[in-house]
Amino acid sequence: MATPVLDKVEAESAASPYITVTFRVRRFNPEVSAEATWEDFQLEIDPKERVLDGLHKIKWDLDGTLTFRRSCAHGICGSDAMRINGKNRLACKTLIKDINPEKPITVEPIKGLTVLKDLVVDMEPFFQAYRDVMPFLITKETNEPTRERLQTAEDRERFDDTTKCILCAACTSSCPVFWNDGQYFGPAAIVNAHRFIFDSRDEAGEQRLEILNDRDGVWRCRTTFNCTDACPRGIEVTKAIAEVKKALITRRF
């Protein structure tokens, strides 16, 4: 019996889908040096894979000391926000083929927050600003509610966009005001304040507005739209900030 031979079409279809890509990663280890450096890694990878997959290959196969955050790998947890080719993105949602793999793919930590090691930054200032705006439902009731707090579809739609935030810090760390002054609350904190200020069931809108009326609050925004462009969830961040400003002026929300 003759050995089957692949014809030309079958041979081409069986060709490897992998391409050679250079990952240029910004490295920093305070135990080794006070200066950050760039390091190149050559990878064989399917262009339909994600930047996160490339980082996994580096860590698992080339250099186990590479440090970065990730968790769900599906764009929900927000852990793997980083600067990829100069833009804030989630590594788990960025496909290799979409960022010109013919040139080195640069990967570095998000800006405005202290780098702890490699791609990991200190998120505590970011989360403190989030906590400061009281991102939870507040009512004047002192007892447990006896029934569901009802809300119309129209009332829900008023703040629906800002419920999408996953606290990845991509918007805040894309803001030039935040880069220059880490005291600014930042877009993400304002977005999460917006989510409750405009919630018809909440009764602490005035308190949140006063918090954001501070000199490090909403008035620091310069409307550059960096935050909206950076948001991996498509939230209209700049619009939400403008609505909070309007509420502060009119006291109507």
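Reading the values: the criteria
- Residues numbered from 1 in each chain as written.
- Predicted model: local features only at pLDDT ≥ 70, side-chain atom pairs only at ≥ 80, totals over all residues.
- Heavy atoms only, no water.
- UniProt positions renumbered as here; feature names shortened; annotations may be inferred.
- Pairing = 2+ DSSP bridges.
- Helix = DSSP H or I, 4+ residues; strand = E, 2+ residues; numbered from the N terminus.
- Axes fitted to C-alpha atoms, helices over the stretch in contact; angles between N-to-C directions.
- Contact = heavy atoms within 4.5 Å.
- Core = buried A, V, L, I, M, F, W, Y, C linked by side-chain atoms within 4.5 Å.
- Buried < 20%, exposed > 50% of the residue type's maximum accessible area, 1.4 Å probe, protein only.
- Disulfide = S-S within 2.5 Å.
- 1 Å grid on protein atoms, 1.4 Å probe; cavity = no way out; pocket = protein on both sides within 12 Å on 5 of 7 lines; lining within 4 Å.
- Points joined across faces, edges and corners; volume = space filled by probe spheres on them.
- Nonpolar A, V, L, I, M, F, W, Y, C, P; charged D, E, K, R; others polar.
- Salt bridge = Lys/Arg side-chain N within 4 Å of Asp/Glu carboxyl O.

- Looking up the chain in an unreviewed UniProt entry gives the name Succinate dehydrogenase iron-sulfur subunit, with the organism given as Streptomyces justiciae.
- The Sequence similarities (unreviewed entry) field of the UniProt record for the chain holds the comment "Belongs to the succinate dehydrogenase/fumarate reductase iron-sulfur protein family."
- Reading the Catalytic activity (unreviewed entry) entry of the UniProt record for the chain gives the comment "a quinone + succinate = fumarate + a quinol".

## A look at the sheet that holds strand β2 (residues 37-45)
1) Next: Taken together, five strands build an open sheet; the order of strands is β2-β1-β5-β3-β4 and the sheet is mixed. A strand with exactly one partner marks an edge of an open sheet, and here the two such strands are β2 and β4 (87-90). Averaged over all pairs of adjacent strands, the angle between strand axes in this sheet comes to 35 degrees, irrespective of strand direction.
2) Next: Bridge analysis of strand β1 (residues 19-27) against β2 gives nine bridges, and the strand direction is antiparallel. Within the sheet, the bridge partner assigned to Arg-27 lies in β2 and is Thr-37.
3) Next: The strands touched by helix α2 (residues 51-62) within the sheet are β1, β2, β3 (81-84) and β5 (105-108), with β2 carrying the most contacts at an inclination of about 100 degrees.

## Description of the nonpolar core
1) Next: Grouped together as the largest cluster of nonpolar side chains are 63 residues, with contacts concentrated most on Phe-23, Val-51, Leu-55, Val-107 and Leu-212.
2) Next: Filtering out sequence-adjacent residues up to four positions away, Val-107 remains in contact with Phe-23, Arg-24, Val-25, Arg-26, Trp-38, Val-51, Leu-55, Met-82, Arg-83 and Leu-119.

## A closer look at the state of the cysteines
1) Next: Summed over all chains, the structure comprises zero disulfides.
2) Next: Cys-171 forms no disulfide, and the closest cysteine sulfur to it belongs to Cys-165, at a distance of 6.2 Å.
3) Next: There is no disulfide at Cys-231, and the cysteine sulfur nearest it, in Cys-168, is 6.4 Å away.
4) Next: Cys-231 sits in the buried class, given a relative accessible area of 14%.

## What about the layout of surface pockets?
1) Next: A volume near 220 Å³ is recorded for the largest pocket.
2) Next: Taken together, Arg-83, Gly-86, Lys-87, Asn-88, Arg-89, Ser-174, Trp-179, Asn-226, Asp-229, Ala-230, Cys-231 and Pro-232 make up the lining of the largest pocket.
3) Next: Elements represented by at least two residues in the lining of the largest pocket include exactly β4 and α8 (226-230).
4) Next: Here the residues of the lining of the largest pocket are counted per class, giving four nonpolar, four polar and four charged.

## Looking at the pattern of salt bridges
1) Next: Applying the stated rule across the entire model yields 17 salt bridges.
2) Next: Linking Arg-158 and Glu-243 is a salt bridge whose minimum nitrogen-to-oxygen distance equals 3.3 Å. Of the two residues, Arg-158 is situated in the loop between α4 (153-157) and α5 (176-180) and Glu-243 in helix α9 (residues 237-250); the sequence distance between them amounts to 85 residues.
3) Next: The exposure class of Arg-158 is partly exposed, given its relative accessible area of 37%.

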